[in-house]
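# An overview of the molecular structure
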Amino acid sequence: MPHRFQLGEGMVRAIVAMGFIVALVLVVIFGSLWLKAPDSDAPGSEQPVCDLLAGPCEWEVKSGLWQVELGVMGDEGQGTEYQLTVYSPTTPERFLAVLRGESMYMGEYPVPLRSEGDGSYSARFTAPLCTTGSEMVWRIDLQQGQNALPEPAPLKLVFQTQDKQIR
């Protein structure tokens, strides 16, 4: 007569309890990866801040001197228009300036930079408006297409908009 193995009630409870413990440990380990903020890997987390509206931002890397300027062009009723100029010692392909909300996450807005032929790149843009207040701090990250530059800026490039209240 074959002997059948039967689990007792206590053994079933122990297996279920161990399953819950293993699941809890996995959630704790991998949960932090799932709940990670979208920009936590972005450049600039602990970098010194440079306010682009206070004046040009400069830094030097192995390839040479970089300079970034931001000018206010005016407000034509659709928000303030800005002129961004980047002086680069290299010639990046598909050169982009990506706007990211620093004071509040409002998405990412790529701004293509066009070459001016003298090592400078420029673009005109209007930063998106924040409907909850009149002030918004934006960060500009320079990228080569979808990738960071080979020598990323050691500064966090920021500017603050002060758009009119929406009524």
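In what follows, the accompanying structure is described.

Conventions used here
- Residues numbered from 1 in each chain as written.
- Predicted model: local features only at pLDDT ≥ 70, side-chain atom pairs only at ≥ 80, totals over all residues.
- Heavy atoms only, no water.
- Salt bridge = Lys/Arg side-chain N within 4 Å of Asp/Glu carboxyl O.
- Buried < 20%, exposed > 50% of the residue type's maximum accessible area, 1.4 Å probe, protein only.
- Helix = DSSP H or I, 4+ residues; strand = E, 2+ residues; numbered from the N terminus.
- Core = buried A, V, L, I, M, F, W, Y, C linked by side-chain atoms within 4.5 Å.
- Contact = heavy atoms within 4.5 Å.
- Pairing = 2+ DSSP bridges.
- Phe/Tyr/Trp six-rings, centres within 6.5 Å; stacked < 30°, edge-to-face > 60°.

Applying the stated criterion across every chain yields a total of six salt bridges. In this structure, the salt-bridge partner of E108 is R100, at a minimum N-O distance of 3.1 Å. Judged by relative accessible area, E108 falls into the partly exposed class, the value being 38%. R100 gets classed as buried once you look at its relative accessible area, which sits at 8%. A salt bridge links K156 to E102; the nearest nitrogen and oxygen atoms lie 3.0 Å apart. Of this pair, K156 sits in strand β11 (residues 156-162) while E102 sits in the loop between β5 (95-101) and β6 (108-112), and the two are 54 residues apart along the sequence. For E102, a relative accessible area of 30% puts it in the partly exposed group.

This paragraph deals with the nonpolar core. For soluble globular proteins, the rule of thumb is that nonpolar side chains tend to be buried together. Of all hydrophobic cores here, the largest spans 30 residues; its most connected members are I140 and L142. For this core, the secondary-structure elements that each account for two or more residues are β2 (57-61), β3 (64-75), β4 (80-87), β5, β8 (120-126), β9 (135-144) and β11. Those residues in contact with I140, other than ones at most four positions away along the chain, are L52, L84, A97, V98, L99, F125, L157 and F159.

Bringing the sheet that holds β8 into the picture now. Sheet architecture is open: five strands sit in the order β2-β3-β4-β8-β7, paired in antiparallel fashion. In this open sheet, the two strands that pair with only one neighbour each are β2 and β7 (114-115).

Take the packing of aromatic side chains next. All told, the structure shown has seven aromatic pairs when counted by the stated rule. Ring geometry for Y109 and W138: centres 5.9 Å apart, planes at 75°, overall edge-to-face. One end of the pair, Y109, is in strand β6; the other, W138, is in strand β9, and 29 residues separate them in sequence. Through a chain of ring-to-ring contacts, three or more aromatic side chains come together here, namely W59, W66, F95 and Y121.

Outside of glycine, negative phi angles account for most residues, and trans bonds account for most peptide bonds. You will see that R94, though not glycine, has its phi angle at about 50°, which is positive. Residue placement: R94 occurs in the loop between β4 and β5.

Before going further, it helps to spend a moment on the pairing of β2. Two faces make up the sheet, and in a regular strand the side chains alternate between them. Of the two faces of β2, only one is covered, namely that formed by C57, W59 and V61; the face formed by E58 and E60 stays uncovered. What sits between the antiparallel neighbours β2 and β3 is a turn of two residues.

Here β5 pairs with β6 via five bridges, running antiparallel. Bridging from a neighbouring strand, L96 pairs with P112 of β6. The loop that links β5 with its antiparallel partner β6 comprises six residues; one of these, G107, has a positive phi angle of about 95°.

Time to look at the environment of F95. Position of F95 relative to the elements: it lies in strand β5. The sequence separation of F95 and P112 amounts to 17 residues, and the corresponding C-alpha distance is 6.3 Å. With near-sequence residues (within four places) excluded, F95 lies in contact with W66, V86, V111, P112, L113, Y121, L142, Q143 and L149.

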